[in-house]
Amino acid sequence: MGYLMAGTTLVVAADLSLGGSPAAAAIPSLPQIPELYDLEDLQTDAARPTAQLITITMNTDGTASFQLPRAEVGQGITTSTSMIIAEELDLPLDKVHVTLAPARPELLFNQLTGGSNTSVSTFTPIRVAAAIAKGALLDAAAIELGSIVALLTSKAGVVSAPDGSSVTYGELATKAASPTTKKVNVTLKATSKFKVIGTSQGRVDAHDIVTGRKQFAMDLQVPDALPTMVCRPPTLNGSPKSINNEAVVKAMPGVTDIAMVDTGVAVRAQTFGQCIDAIRALDVVWNTGSVEGESDATIKAKLKAAEIPLVVPQVPILAQTVDADFTFMFRSSAALEPNCSIADVRKDKATVWAGLKSPIVAQGHIAEAVGLPVSAVTVNVITGGGSFGHKLFGDAAVESAKISKAMGKPVKLMWHRADEPRQGRVHPMCTSRIRATILAGQVLTFEQRHTSVSTDFTHGLGEMLTSQAAALPGGLGNLGFSESIFLLTQELPYNFGLVTQLLNEVDLSFNTGSMRNIYSPDVACANELVVDQLAKKLGQDPLAFRLAYLKDPRVKAVLQKVADVGGWGRKMPAGTAQGIAVHKEYKGATAVLVEIDCRPETVNRQIPNAVAGPRVTKAVIAVDAGLVINPRGLDAQMMGGVSDGIALALTSSVHLVDGHFLEASWDNYFYTRQWNIPPDFECIVMPSDSQQPGGAGEAGVAASVSATACAYARATGTMPTTFPINHDQLSFTPKPFIPPVPESPTDGLSQTY
Amino acid sequence: MSMQTFLLNGTSVTVDVNPDVRLLWVIRDMLGVTGPKYGCGINVCKACTSHINGKAFNPCSVRVGDIKPTDEVTTIEGLPATVGKDLHPMQEAWLEFDVAQCGYCQPGQIMAAVAKVKAARAAGHEIGDADFDEIRNVCRCGTYNRIREAITAGAKNM
Ligand code: FES
Ligand code: FES
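The rules behind these values
Residues numbered from 1 in each chain as written. Chains lettered and ligands numbered in written order. Predicted model: local features only at pLDDT ≥ 70, side-chain atom pairs only at ≥ 80, totals over all residues. Heavy atoms only, no water. Domains from an automatic or database assignment. Contact = heavy atoms within 4.5 Å. Buried area = accessible area lost by both parts, 1.4 Å probe. Salt bridge = Lys/Arg side-chain N within 4 Å of Asp/Glu carboxyl O. Polar contact = N/O pair within 3.5 Å; in protein donor to acceptor, adjacent residues only side chain to side chain. Nonpolar A, V, L, I, M, F, W, Y, C, P; charged D, E, K, R; others polar. Pairing = 2+ DSSP bridges. Helix = DSSP H or I, 4+ residues; strand = E, 2+ residues; numbered from the N terminus. Axes fitted to C-alpha atoms, helices over the stretch in contact; angles between N-to-C directions. Phe/Tyr/Trp six-rings, centres within 6.5 Å; stacked < 30°, edge-to-face > 60°. Buried < 20%, exposed > 50% of the residue type's maximum accessible area, 1.4 Å probe, protein only. Lys NZ or Arg CZ within 6 Å of the ring centre and 35° of its normal.

A.B. asks: So what's going on with the domain arrangement of chain B? Residues and values would help.
C.D. replies: All names here are of chain B. The assigned domain composition of chain B is domain 1 (2-78) and domain 2 (81-156). Averaged C-alpha coordinates put domain 1 and domain 2 at centres separated by 21 Å. Listed per partner, the contact involves 16 residues of domain 1 and 15 residues of domain 2. Between domain 1 and domain 2, roughly 1200 Å² of surface is buried when both sides are summed, and carbon and sulfur atoms account for 64% of that area. In this assembly, domain 1 and domain 2 are joined by zero salt bridges. Linking domain 1 to domain 2 there are five residue pairs in polar contact (both at pLDDT 80 or more). A class-by-class count of the residues in the side of domain 1 that touches domain 2 yields six nonpolar, eight polar and two charged.

As structure tokens, this is what we get:
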């Protein structure tokens, strides 16, 4: 059911009243929450009451347009959404234009991009809207062609009658318009009739990307919005007290304005290069930060102190115990596009342009920060250069608005790369303790206690209500929210008797957020390493053991698939090994097989300003994501997930020393590079008879980090317990903290190739 | 301030700017050519990779004052014109393999790829795994495998 909206051209809206049908399984371990109702369900249900406000417009040029209330950050949702509309409307893909909707508070829960939920929650409403549009076009065509709807056929945006006469959607757009809004019923195309959905399509923005035409926030030309950067404090979350040389810096070439804001001293100039020079010249007196004197070791000690005890379960006296204790260090979730935002704050209104996955919350915070009503704040959502959880927060958007207000001018704010790991959002440090017991070839119990520096969920479910609840003082609201998210996402997919997985979080004043896949990469990595230990204790092969204990046939199928394709069990030279792991989340399942080379000649490869380390030489990933809209896009997300997994296991972390993070750029923060990736990569998209798409964006990470860690343990004979494995050796010389940003080199011409 | 002149994508441009400003900002902020992206400003991420006189370089780490009036600077926007087509074969290959995810690193990746293929040939071999391992451009979305496939295919048509 949906709506024909009043208008001069055809506009339709979808109403969603689709009942969820959670499936419970009969299993020896009691079902965990995500098996019955998971984060996808929570987000989908939260999005339901307002989904009817999603509209598709048919234009007179024969194109259909749709404003997607989500953020495209590389995950391919503008492409998959175009495909859904093209399918239902029988329109060529290039005639569908999907843009991103600005912040629309009336959408409430329905404007959060996160939890890999876009396709899960928008698939049906978008189809319904497109189907209504199609129905209205056919009605109009029947009148136009003097025929009846049942005899008409539609193809590629043209409706034809049996007598050969035809009319285009463009010609019908005005005729199909409804003078009033009315409810209509609709039948969706049968999945067996799909011609677009399920086929591999290139990204709709690919041409713009390869020609350099795709515009990110910093590429927009907003009148008078000059480059602006912030001179930031030397310690985490410090703040400026006073400026000693404001006049001198203000007189520097290109500099137009200087303003003190709570996060630092903002400089506006003709070019970003001149902002950098000015920042380096500023002499600022700073207030202390939020974690003065703290380091990795002190934070870890606080986490250990907050761990919820493992309860020694009532097991027979002869049972053997496997105990393991893991630490996952802080990691930066920064994308390649640094935090950036354009803001134009006037006396009576504010306009902001930024990549935002939670624009309604950002809009609320901007309004609060500049003292305007929400209705006076326009927030334009711009396609982002990556997110990985970073863009859930409006940090740059709010900061840019404050600066614009302070300067009384439009600003184009960009964070320096150094600002990102040092002051930006990080994935919290956490520990994971596991105790499992076995007797007579059976796993009797499996307990996990995950303890984390508090994960900031103050974006809530994308609207101000839950956002405010999560921001309650003392982190109380946030902890409740964190625990809910943890319980809604974590699911041990094995029959291990009595299973408990608990989270505790400690608010330690860091800037955190949900990095791609939230808790799962760490939780799953800990679990899968212990699963390998259990298999070893029972004298079983890791694959056979998993297949014997896994609950779900879909998880078993992906695991068997990677084992077959990847050649599990083949003989490998000493110092190299295979690893295999699974993960179940996002209404789907993934399995990964990797081969790793930990021989000294590989580990010790000399690469300037980089970490070589062990090389994953092969990766095979199989994914069951339910109904797949664009297999090629899903494959891309899995490739990215494997890349992230390798980084999390082997190379990527930030080091906290004396109240600040040491990393300042890509020569300090070792995300996976060409010399780290598996030259041999394969992704298998499993066939599925599901009627519902699953999540894709984050689904590839957890099993990848786990498989890499398991392979490393098998290749070296030692199970790693701190991640990434190279965290304890600092592989770079830290850049200075004052000035907070490095000078740009001048020797680029000596390095051409 | 002083006048700085060079060739940008085939056209002579003159800007009134301090010679110390790095070329990336002259191109992006003053001339509005935004294909080359900022990712670090210190020549480590390679998002700004462009060509100077046909060779790859990183304009974030070159003073505009060090560029001569006869120097030809080519950004991703000017790449097709270097082969007289709508798209360079490397861009075609990027489309064929649907390499991009967010796309932010991709202009730099393509410019690096073209130079890398030429450099391999100048050294007497076709581009291969060892050359790919030397490409320093960061892709935070992790598109590295597709980049390798696309370069291999694009090289065939260069
Ligand atoms: S911005 Fe030029 S190399 Fe990173
Ligand atoms: S495609 Fe996003 S950084 Fe490479």
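Having seen it, we continue.
A.B. asks: How would you explain the sheet that holds strand β18 (residues 350-354) of chain A if you had to name every residue and give the values?
C.D. replies: Two strands in a sheet stick together by hydrogen bonds in their backbones, pointing the same way (parallel) or opposite ways (antiparallel). Residue and element names in this part refer to chain A. Across the sheet, which stays open at both edges, the seven strands sit in the order β12-β13-β10-β20-β17-β18-β19 with mixed pairing between neighbours. A strand with exactly one partner marks an edge of an open sheet, and here the two such strands are β12 (255-261) and β19 (377-381). Across the sheet, the mean angle separating the axes of adjacent strands is 25° when strand polarity is ignored. Bridge analysis of strand β17 (residues 340-345) against β18 gives four bridges, and the strand direction is antiparallel. Residue D344 lies in a different strand from β18, and its bridge partner there is T351. In the packing of helix α11 (residues 395-407) onto the sheet, the strands contacted are β10 (226-231), β12, β13 (264-269), β17, β18 and β20 (411-414), and the crossing angle to β17 comes to about 35°.

A.B. asks: How would you summarise the sheet that holds strand β31 (residues 722-723) of chain A if you had to cite specific residues and measurements?
C.D. replies: All names here are of chain A. Reading across from one edge, β24-β23-β22-β15-β31 is the order of the five strands in this open sheet, with mixed pairing throughout. Bordering the open sheet on either side are β24 (498-506) and β31, each of which pairs with just one other strand. The sheet contact formed by strand β23 (residues 442-453) and β24 spans nine bridges and is parallel. Paired with S452 across the strands is E505, a residue of β24.

A.B. asks: Describe the pattern of salt bridges, and please don't skip the residues or the numbers.
C.D. replies: All names here are of chain A. Enumeration over the complete set of coordinates arrives at 49 salt bridges over all chains. Across the pair K584 and E491 runs a salt bridge whose closest N-O atoms are separated by 2.9 Å. A residue pair is termed long-range when its members are at least 10 positions apart, and K584 in strand β25 (residues 576-585) and E491 in the loop between α14 (476-489) and β24 qualify at 93 residues. One salt bridge in this structure joins E595 and R570, with 2.7 Å as the shortest N-O distance. Pair noted here: E595 is in strand β26 (residues 588-597) and R570 is in the loop between α17 (553-566) and β25, with a separation of 25 residues, a long-range link.

A.B. asks: With reference to specific residues and values, describe the pairing of strand β1 (residues 2-8) of chain B.
C.D. replies: All names here are of chain B. Alignment of β1 against strand β2 (residues 11-17), held across seven bridges, turns out to be antiparallel. Within β2, the residue paired with Q4 across the bridge is V15. Connecting the antiparallel pair β1 and β2 is a turn made up of two residues, with N9 showing a positive phi of about 50°. In the sheet, β1 pairs with strand β5 (residues 72-74) via two bridges, with the strands oriented parallel. Within β5, the position partnered with L8 by the bridge is V73.

A.B. asks: Which residues make up the domain arrangement of chain A, and what values do they have?
C.D. replies: Residue and element names in this part refer to chain A. Assigned domains within chain A: domain 1 (2-209), domain 2 (217-290 + 339-414) and domain 3 (297-330 + 425-723). Counting residues at the interface gives 15 residues for domain 1 and 18 residues for domain 2. In this assembly, domain 1 and domain 2 are joined by two residue pairs in polar contact (both at pLDDT 80 or more). Partitioned by chemical class, the residues of the side of domain 1 that touches domain 2 number ten nonpolar, three polar and two charged.

A.B. asks: Before we move on, can you summarise the packing of aromatic side chains with the specific residues and values?
C.D. replies: Enumeration over the complete set of coordinates arrives at 13 aromatic pairs over all chains. Here the aromatic rings of F330 of chain A and F661 of chain A are separated by 5.2 Å at their centres, their planes lie at 75°, and the arrangement is edge-to-face. With F330 of chain A in the loop between β15 (320-328) and β16 (331-332) and F661 of chain A in strand β29 (residues 660-661), this residue pair connects regions lying 331 residues apart in the sequence. With a relative accessible area of 0%, F330 of chain A lands in the buried category. Judged by centre distance (6.1 Å) and plane angle (45°), the rings of F510 of chain A and F661 of chain A are tilted. You can see F510 of chain A sitting in the loop between β24 and α15 (520-537) and its partner F661 of chain A sitting in strand β29, a full 151 residues away along the chain. Using a relative accessible area of 1% as the deciding quantity, one classes F661 of chain A as buried. Directly above the aromatic system of F737 of chain A lies the positively charged group of R422 of chain A, at a separation of 3.8 Å from the ring centroid. A cation sits over an aromatic face here: R140 of chain B above Y671 of chain A, 4.4 Å from the ring centre.

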